[in-house]
Each structure stands twice: as structure tokens, then as C-alpha cells.
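Listed here are the chains, written in short residue letters.
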Amino acid sequence: MASIFETREKPFMASILLLLGLLISGPEKSAAQSVGVCYGQIANDLPPSAQVIDLYKANGIERMRIFHPNSETLEALRGSNIELIIGVYNDDIENLANNATAANDWVQKNIKAYLPDVKFRYISVGNEIKPNDPMAPYVLLAMQNIHASLASEKIKVSTVIDMSLLGSSYPPSTGSFSDVATSYMNPIVAFLATTGAPLLANVYPYFSYISNTQTIDLNYALFSSPRVVVRDGNFEYQNLFAAIMDALYSALEKVGGANVGVVVSESGWPSAGGIAATVENAGTYSSNLIRYSKNGTPKRPGYLETYLFAMFDENQKGPEETERNFGLFFPNKQPKYPLSSFA
């Protein structure tokens, strides 16, 4: 089993410790402020789940996100103390919304059957559903039914959005949901505020950068800008990630979610297959995000719960080549990034 802290190239050791010293920055480190990693499984060459869990543990990765229930993964997680976000298949949402018994059965089969051995943190009902998607009207109802089925379990129920729901994002203080997204998000945000659950958000400065390379500086997207790039009232921004997050916080405030937290359920940078998709940039982004998550944003300083995407390259994703190249590890469990990338 390969630990990301191990290498034959000893001169590079300090660099890799900077990256995923990450997930364990000393004996006082706890899951309360650790960075998680998404465990995507759209591939035909990944190691068995038990080996994956061992790889998480070997590297001190204390939080995981999986995108749907997987019995092999859930069994392997028993007793691991890894905290988990578990997703609901988008295709299951309508049934879970319309049938409270189905929601209860889902919770019994995929959650309660593994308690207390698996440490569930959040259940995400839907991944990047758009307001005009056919299943959009069912998301809140499914969230409510699953929440009710959990009874006294201290597991929060939420949904995952992407930043396409923002109608305005620049400057960050003007952040707001688009008109169609506002009607979709209003009741969801009210539910989150009532239950104390955070909104889960996939945040990718990479995609913002490649869609506007003429005006967005690469260093700004990689957390590497030596200067303030955006000034917005009293807030100053040296990285695009913080600007996106604060635009989302502003949008939440406008729909009654001033007290709703946000968990970054995915963020990463591809190492191949597209514009600026290099091993060096991927390593730089990941290591900088890990450090930055400890401090939060100008608008909301403090620890920001964050999940890197992803544990492995996934060879069956697409259609873009970059989609197959977000992994921290190769499927053979070897760390992808040459350690010199983090020097």
C-alpha cells in the first residue's frame, strides 16, 4: 500500500508533507478540521474498497464522500472512523419523494444497517441538479422524507449544487441565484436553515478559468497570485476560490440563508486532458486549497469543510478528457503528483 508520505526520492519528502500533511497535520489534528477526499468509482481498474479504505487511513484522510450507496464500500468503512457523505442516486429521488415508505426503506438499508460502525456525516439528495431538470421538483420532498426517516439520528440531509445556479457572481457581494434557481433554492434553503444542515456545493475555479482565460489569471485560479486581484468593499481577494465562495454566501443571504453553512463537497484540478491541466497545476491547486480551507473566506473566515476531488483517476468518466484526470492517486494506489510539484 502506498502512502502519499512515502517516496524513494527523499529530497521531496517535505513537499509531499505540505500537500497531504493535509489530512493529518499533527497529533492534535482531528476530523473536526480535516480535509476529505471524494471516492468516485466510475472506472473499471480501481482497487477493492477494503484497500481504498486502508489507503485513506494510511494517509490520514478522515473524511470521504461517495456518490451513491455501495455495499462493498460501506462494509469496508465499518470501524474505520472515517466520516462519510453518502449520496442518493439522482434517478431515485422521485420515488423517495413520492413514497415515504421507500424513503424509510432507503434509510434502513443504506444508513441504519451500518450504524454505529459507519460514521455518516451527511446524506446528499441529488448531485448538481438544475432547476429545470425533471427531478428538480422532487428534491426537497425527498430530503424531507429521508430526514423524517432518520428520526433521532444526528445525520444532516442536504443536496449538492454547482455554481451554474448563480445568476450573478461578480463582484462577490452581488452574488445571487438566477431567477429560475431562486424559486428552486428558496424552499431548500429554508429546510436547511430549519434543520441546521449545510448546503453542499461543488466549487471548481478550474472551469471558471478555462471559460475565461482572457481575463482570469492562472495564478489567481491556483491560489498563487502575489497580489490582491479583486477589491469588493472591505474585502480583498487574492484567489478565485474565495471570490466564488463569497458570491455563494451572498446568494444564500438573499434567499434567507444567512445562517446556512456551506460545505465544499468537491473541488479539484485536472492533471491532464485540457487547458492548464498539468500535474504541476493540479498539485499546486490541491496543496493550496488544503491550506486555504483552514482559514475560510473574507466574508466568512474560519475553517471551511472541504472535500478534494478525487481519490483516483476514473477511466470511464467523460466526455471531456479532463474528467478522467482529477485523481490524487493512480488506480495502482501510487501518488500521482511528482513531489517536486509541491516544492
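Residues numbered from 1 in each chain as written. Predicted model: local features only at pLDDT ≥ 70, side-chain atom pairs only at ≥ 80, totals over all residues. Heavy atoms only, no water.

### Observations concerning the sheet that holds strand S2 (residues 63-66)
Move 1: Reading around the circumference, S1-S2-S3-S4-S5-S8-S11-S12 is the order of the eight strands in this closed barrel, with parallel pairing throughout. Strand-to-strand twist across the sheet, computed as the mean angle between neighbouring axes with direction ignored, equals 25°.
Move 2: By the bridge criterion, four bridges tie strand S4 (residues 119-127) to strand S5 (residues 156-162) in an arrangement that is parallel. Residue Asn127 lies in a different strand from S5, and its bridge partner there is Val160.
Move 3: Contacting S5 and strand S8 (199-202), helix H7 (residues 179-195) runs over the sheet at an angle of about 145° to S5. (Pairing = 2+ DSSP bridges. Helix = DSSP H or I, 4+ residues; strand = E, 2+ residues; numbered from the N terminus. Axes fitted to C-alpha atoms, helices over the stretch in contact; angles between N-to-C directions. Contact = heavy atoms within 4.5 Å.)

### Points about helix H2 (residues 49-58)
Move 1: Taken residue by residue, H2 has Ser49, Val52, Ile53, Leu55 and Tyr56 as its buried positions. Down the axis of H2, the sector holding all buried residues measures 155°, keeping them to one side.
Move 2: Each element contacted by the buried residues of H2 is listed here: strand S1 (36-38), S2 and helix H3 (71-77).
Move 3: Phi turns positive one or two residues past the end of H2, at Gly60, with a value near 70°. (Buried < 20%, exposed > 50% of the residue type's maximum accessible area, 1.4 Å probe, protein only. Arc of directions from axis to C-beta.)

### Some points on the packing of aromatic side chains
Move 1: Applying the stated rule across the entire model yields 16 aromatic pairs.
Move 2: Centre to centre, the rings of Phe309 and Phe326 are 5.7 Å apart; their planes meet at 65°, and the pair counts as edge-to-face. You can see Phe309 sitting in the segment after strand S12 (306-308) and its partner Phe326 sitting in the segment after S12, a full 17 residues away along the chain.
Move 3: The exposure class of Phe309 is buried, given its relative accessible area of 4%.
Move 4: Residue Phe326 is classed as buried on the basis of its relative accessible area of 3%.
Move 5: These aromatic residues form a ring-pair network of at least three members: Phe67, Tyr204, Tyr206, Phe207, Tyr209, Phe223, Phe241, Trp269, Tyr285, Tyr292, Phe309 and Phe326. (Phe/Tyr/Trp six-rings, centres within 6.5 Å; stacked < 30°, edge-to-face > 60°.)

### A closer look at unusual backbone geometry
A negative phi angle is the norm for most residues apart from glycine, just as the trans form is the norm for most peptide bonds.
Move 1: Cis geometry marks the peptide bond from Phe309 to Ala310, where omega comes out at 5°.
Move 2: Relative to the assigned elements, Ala310 resides in the segment after S12.
Move 3: Along the chain, Gly318 connects to Pro319 via a cis peptide bond; the corresponding omega equals 5°.
Move 4: Mapped onto the secondary structure, Pro319 falls in the segment after S12.
Move 5: Not every positive phi belongs to a glycine, and Asn81 is a case in point at roughly 65°.

### Overview of the packing of helix H6 (residues 139-150) against H7
Move 1: Interaxial distance between H6 and H7 falls to 10 Å at its minimum, and their mutual angle equals 20°. Between H6 and H7, the interaxial angle falls into the category roughly parallel. Both H6 and H7 take part in a crossing whose hand is left-handed. Contacts between H6 and H7 pair Val139, Leu140, Met143, Gln144 and His147 from the former with Tyr184, Pro187, Ile188, Phe191, Leu192 and Thr195 from the latter.
Move 2: Looking at the contact of H6 with H7 residue by residue, the class counts come to eight nonpolar, three polar and no charged. (Parallel < 35°, antiparallel > 145°, perpendicular 65-115°, else oblique. Left-handed = near helix turned anticlockwise from the far one by under 90°. Nonpolar A, V, L, I, M, F, W, Y, C, P; charged D, E, K, R; others polar.)

### Observations regarding H6
Move 1: A rise of 1.5 Å per residue sets the reference length of H6, with its 12 residues, at 16 Å; its end C-alpha atoms lie 17 Å apart and thus fit the reference within 8%.
Move 2: Buried residues of H6: Val139, Leu140, Ala142, Met143, Asn145, Ile146, Ser149 and Leu150, and no others.
Move 3: Close packing links the buried residues of H6 with strand S3 (83-88), helix H4 (93-98), helix H5 (100-110), S4, S5 and H7. (Expected span 1.5 Å × (residues − 1).)

### Observations regarding the pairing of strand S11 (residues 262-267)
Move 1: In terms of burial, S11 is largely enclosed, as six of its six residues are buried.
Move 2: Relative to S11, S8 runs parallel, the two being bridged by four bridges. Bridge pairing links Leu199 to Val262 in S11.
Move 3: As for the winding sense of the linkage, the β-α-β connection from S11 through helix H11 (residues 279-292) to S12 is right-handed. (Right-handed = clockwise from strand over helix to strand, strands pointing away.)

### Looking at the nonpolar core
Move 1: Counting 97 residues, the largest nonpolar core has Ile123, Ile146, Phe177 and Phe241 as the members making the most contacts within it.
Move 2: The leading source of residues in this core is helix H10 (residues 240-254), at 11 residues.
Move 3: Those residues in contact with Ile146 that lie beyond four places of it in its chain are Val88, Leu96, Ala103, Trp106, Val107, Ile123, Val125 and Val157.
Move 4: With 11 residues, the next largest nonpolar core counts Ile85, Val160, Tyr307 and Phe326 among its residues. (Core = buried A, V, L, I, M, F, W, Y, C linked by side-chain atoms within 4.5 Å.)

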